[in-house]
Amino acid sequence: MLQGNEEILEAKKHIIEVARELHEIGLLVRTWGNVSQRIDDKSFLITPSGIKYEDLTADMIVKVNIDDLSYEGDILPSTEKCVHAACYKEREDVDFIIHTHQVYASCVGTLGIKKVFSYLDDEDVEIPVAAFALPGSEKLVENTVKAIKKFPDCNGFIMSNHGTLCFGKNSKEAIYEAEKMEVACNNFLIDVCKTDIKHGVEFGFNSHLENGEIVYDIPDTPKRVRHIHELIYAKRKDVKYIIHNKSEAVMTVSRRANHMRPLLYDFAQLIGVSVKVPSNEHGKDGMSYHNIKKNVNVVFSLYDGAYCLGASYDDAMDVADVLDKGCIAHVAVMRHGEGHFLSLLECLKMNRFYRKSYSKRSEIVKK
Ligand SMILES: [Zn+2]
């Protein structure tokens with residue numbers, strides 16, 4: 001139990017340090033994921049909703065009541081506070097929780113399996129997988145409680161099609177759990193799904209708008225590619241940056257005509273509810289590039305990766321990053337032979353909610 005304002009302030013600073021550390025090692029992306037610490041029997045501190053980790057300050061960390069989820073102050077706590085509260089209630093020994101959207105564990109969480117058996121060095125690792133439910137929903141809390149009750153000795157589990165929840169007595173134990181899961185899940189993808197793919201973004205031909213003119217990163221960008229960039233900017237007035245991602249996972253998906261339904265929650269939010277790799281991407285006239293769509297932030301190019309769209313460089317990079325993870329999941333599910341896809345309705349709900357709250361959020365940051 002923490003006493004006095006001094007100790008609480010230290011705890012808030014520690015939460016920020018942990019969030020930044022997780023962000024740096026790539027376990028948290030954008031504003032997804034959250035970190036919390038129990039401070040007494042009745043309450044915990046948690047990172048706020050929708051603020052980038054680099055902008056966090058101690059006064060933005062919110063105190064939340066474990067029983068009724070009421071919170072102090074004007075800053076909204078993370079929407080996933082209900083999952084943290086459920087975990088603190090079920091596990092009295094837990095004082096620190098992190099929720100991540102880490103790559104390999106999230107991908108394994110799309111395969112439709114209930115438990116992952118894998119290893120880390122020569123240690124056996126068993127990871128429960130909780131069934132999917134919409135973020136912030138009652139059902140998600142239910143599934144969380146079920147997983148914690150069923151596996152009382154585990155310090156974490158995968159949240160199907162979403163991410164992970166990792167916990168422990170302190171931040172060190174929770175971070176260890178997240179890192180262990182990541183290596184064990186990558187081992188599972190390599191051994192069982194024969195999917196040995198490094199995560200990341202590999203640049204092809206990028207561009208951005210400057211005073212209405214298209215500026216290419218590579219001056220001798222071929223005419224064929226320039227044509228695609230021109231069409232994207234013409235059709236999507238909200239786009240100012242295009243990142244051409246040619247990573248291994250994205251290239252693999254772009255090599256066959258495909259209909260990518262989202263396997264992951266952040267894909268549905270940031271990229272769109274349905275992305276196509278058309279067999280005839282240039283349209284009937286060979287010029288029209290018919291897969292440029294409103295509210296779909298990726299344009300696949302057959303055999304040539306995908307163009308990731310954003311209003312800023314960071315936005316486009318986030319799309320490229322989330323697309324790469326989504327493509328690893330896609331390849332793993334194809335090779336595994338089965339997986340659990342998100343329904344169209346679920347995707348629409350998450351996508352709409354995200355666009356609404358993200359546009360509001362950028363207004364707050366601008367102020
Ligand atoms: Zn999440």
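Residues numbered from 1 in each chain as written. Predicted model: local features only at pLDDT ≥ 70, side-chain atom pairs only at ≥ 80, totals over all residues. Heavy atoms only, no water.

1. Overview of helix α2 (residues 81–90)
Burial analysis of α2 places 8 of its 10 residues in the buried class, which makes it a mostly covered element. When α2 is considered as a whole, its buried residues turn out to be K81, C82, V83, H84, A85, A86, C87 and Y88. Where α2 is buried, its residues contact β1 (34–38), β2 (43–46), β3 (62–65), β4 (96–100), α4 (138–150) and β8 (163–168). (Buried < 20%, exposed > 50% of the residue type's maximum accessible area, 1.4 Å probe, protein only. Helix = DSSP H or I, 4+ residues; strand = E, 2+ residues; numbered from the N terminus. Contact = heavy atoms within 4.5 Å.)

2. A look at the packing of aromatic side chains
In the structure shown here, the tally under the stated rule is 4 aromatic pairs. Taking the centre distance of 5.2 Å and the plane angle of 45° together, the rings of F44 and Y88 count as tilted. Remark: Y88 occurs in helix α2 and F44 occurs in strand β2; sequence separation between them is 44 residues. Overall, the relative accessible area of 0% leaves F44 in the buried class. Given the relative accessible area of 1%, Y88 is considered buried. A centroid spacing of 6.2 Å and a plane angle of 75° characterise the contact between Y241 and Y313, whose relative ring orientation is edge-to-face. Note that Y241 is positioned in strand β11 (residues 241–245) and Y313 in helix α9 (residues 313–336), a separation of 72 residues in sequence. (Phe/Tyr/Trp six-rings, centres within 6.5 Å; stacked < 30°, edge-to-face > 60°.)

3. Describing the confidence of the model for the chain
Mean pLDDT over the chain stands at 92; residues scoring 70 or higher make up 95%. pLDDT under 50 marks residues 362–367. Its contacts with residues more than four places away, or in other chains, come to 0 contacts. (pLDDT = per-residue confidence, 0-100.)

4. With respect to a negative patch on the surface
Taken together, the side chains of E17, E21, E24 and E179 define an acidic patch exposed on the protein surface. The greatest single-element share of the negative patch, amounting to 3 residues, is contributed by helix α1 (residues 4–24). Along the chain, the position of E17 falls in helix α1. (Patch = residues over 30% accessible without salt bridge, like charges linked within 9 Å, V, L, I, M, F, W, Y side chains within 5 Å. Areas by Shrake-Rupley, 256 points an atom, 1.4 Å probe, with all protein chains shown as cover. Salt bridge = Lys/Arg side-chain N within 4 Å of Asp/Glu carboxyl O. Lys, Arg positive; Asp, Glu negative; His and termini not counted. Charge placed at Lys NZ, Arg CZ, Asp CG, Glu CD.)

5. Re the layout of surface pockets
Here the second largest pocket is characterised by a volume of approximately 390 Å³. In terms of lining residues, the second largest pocket is bounded by 16 residues, among which I113, K114, V129, A130 and A131 are the most central. Among the elements of the structure, β6 (123–130) and α4 are those that each provide at least two residues to the lining of the second largest pocket. Examining the composition of the lining of the second largest pocket, we find that 4 residues originate from one element, α4, more than from any other. In the lining of the second largest pocket, the residues fall into 8 nonpolar, 4 polar and 4 charged. (1 Å grid on protein atoms, 1.4 Å probe; cavity = no way out; pocket = protein on both sides within 12 Å on 5 of 7 lines; lining within 4 Å. Points joined across faces, edges and corners; volume = space filled by probe spheres on them. Nonpolar A, V, L, I, M, F, W, Y, C, P; charged D, E, K, R; others polar.)

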